[in-house]
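Structure assessment
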Amino acid sequence: MFRDTVVEQAYVVLTDTLPHYLESRLRRCGIGEAFTGRAERVWGALFGRRNPLFQITAVVLYWAGLAAFFVQAAPFIPNRYVAAWQWIPICATLVANISFYTAACVADPGIVDAANIEAACRLFEYDRLLFFDSRCRTCLQRKPARSKHCSACQCCVQMMDHHCIWLNNCVGLHNTRWFLGFLTAFCVVCFYGLYLIGTVILELRHVRGLVDAPVMWNEMGEPIILSFKSSVLYLFDDRPLLAVLFVLLLVLAPAIGIFTAYQLRITMLGYTSNEESKWLNVADAIADGVVFAVRESDHSTHEIAQVIEKEDQPADPRPRRRITHLCDVQNMYNRGLWSNFKFVLFPPLSPSPRKPHAA
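These remarks concern the structure in this document. (Residues numbered from 1 in each chain as written. Predicted model: local features only at pLDDT ≥ 70, side-chain atom pairs only at ≥ 80, totals over all residues. Heavy atoms only, no water.)

Bringing unusual backbone geometry into the picture now. Residue Ile77 is joined to Pro78 through a cis peptide bond whose omega torsion reads 10 degrees. With phi around 60 degrees, Leu140 is a residue other than glycine that occupies positive phi space. Positive phi is not limited to glycine here, since Gln154 has a value of about 60 degrees. Tracing the backbone through its elements, the reader meets Gln154 in the loop between strand 4 (148-150) and strand 5 (155-157). Judged by relative accessible area, which is 34%, Gln154 ranks as partly exposed. (Helix = DSSP H or I, 4+ residues; strand = E, 2+ residues; numbered from the N terminus. Buried < 20%, exposed > 50% of the residue type's maximum accessible area, 1.4 Å probe, protein only.)

Following this line, the structure appears as structure tokens:
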């Protein structure tokens, strides 16, 4: 989704360019190997391994935002724009959001170990384009199709999407449903909260007598009415915490909405964000002219898409035709929109694995 975009460029700058630049500057200043070594260890502890720092930060900020809402906005609900029954969906949405978040944090994402590796390898076939029957170089065990090794959790995860620092957990086969539930509920919380605070601001204009309030008179003795913008800015100055919460939701709501829509989209289309990057690599390979629809023998009519490097093409005798567009490659893991979604909501059960290593 974010490949070749400003988001990817910002990620590269923050995780690669900036750390290397700071390291080179520190070395030039003569600070020495000891300090840069400690800085690298701190960076690795924050972003390279599981740790609860970002998870705790997310929880603290969430509850701080809720506290601000109940102190600054809740006393004015209901109002002339919002009825008292609105407290039912407010409470239901908050309970759902917190419950889904907790489940996504503590649920097994689909860790692969000796207890379930055979079942995990039978769950998906190897398409020999994105996934091959191989061994994980870190876990030293067979790697199931659609799995990925997480360096932070130090284990392979079935149908891994990504490692989420805000959950302090991977998002994979068995907790994607809780992650999607959390995102959807959080999206509703942000937009609903923005709407509710907007009604509170409008109500406060009436309570404080700022609607059509004269602020001065002109030379003709006619009143100059306080504008809507000025009245809102006055309220923000009077209630800065409410203003901060409103602006935060104004920024957060569309960002969470876009990310939620992206996650729902790839779920319905039958791939993960990890697999999306692999498909982009396939698209690059197609542009390089090294992706072919291959028949295993002259007598076979079944074709599979494979990458055959240019130096290997003369020695490969199999019948083949060159693939020129990504749409010509079938995703064997795509079961159809509803079936993909149902598979994520009700994933197959597997033996309970060990827990991932703590930091």
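This part covers helix 10 (residues 337-345). Listed in full, the buried residues belonging to helix 10 are Asn340, Phe341, Phe343 and Val344. With its buried residues spanning 160 degrees around the axis, helix 10 presents them on a single face. Contact partners of the buried residues in helix 10: helix 5 (117-123), helix 6 (176-207) and helix 8 (240-269). (Arc of directions from axis to C-beta. Contact = heavy atoms within 4.5 Å.)

Inspection of every chain in the model, using the stated rule, returns 16 aromatic pairs. Between Trp338 and Phe341, the aromatic rings sit 6.3 Å apart at their centres with planes inclined by 45 degrees, giving tilted as the arrangement. Placement of the pair is Trp338 and Phe341 together in helix 10, with a separation of three residues, close to one helical turn. Of the aromatic side chains, those joined through ring pairs into one cluster are Tyr62, Trp63, Tyr101, Phe182 and Phe186. Sitting over the ring of Phe343, Arg335 keeps its end group 4.1 Å from the ring centre. (Phe/Tyr/Trp six-rings, centres within 6.5 Å; stacked < 30°, edge-to-face > 60°. Lys NZ or Arg CZ within 6 Å of the ring centre and 35° of its normal.)

What follows deals with the pattern of salt bridges. As enumerated under the stated definition, the model contains six salt bridges in all. Where Asp238 meets Arg208, a salt bridge forms, and the shortest distance between an N and an O atom there is 2.7 Å. In this pair, Asp238 sits in helix 7 (residues 228-238) while Arg208 sits in the loop between helix 6 and strand 8 (214-217), placing the two residues 30 residues apart along the sequence. Relative accessible area serves as the criterion here: at 34%, Arg208 is assigned to the partly exposed category. The residue Arg318 makes a salt bridge to Asp316 at a minimum N-O spacing of 2.9 Å. (Salt bridge = Lys/Arg side-chain N within 4 Å of Asp/Glu carboxyl O.)

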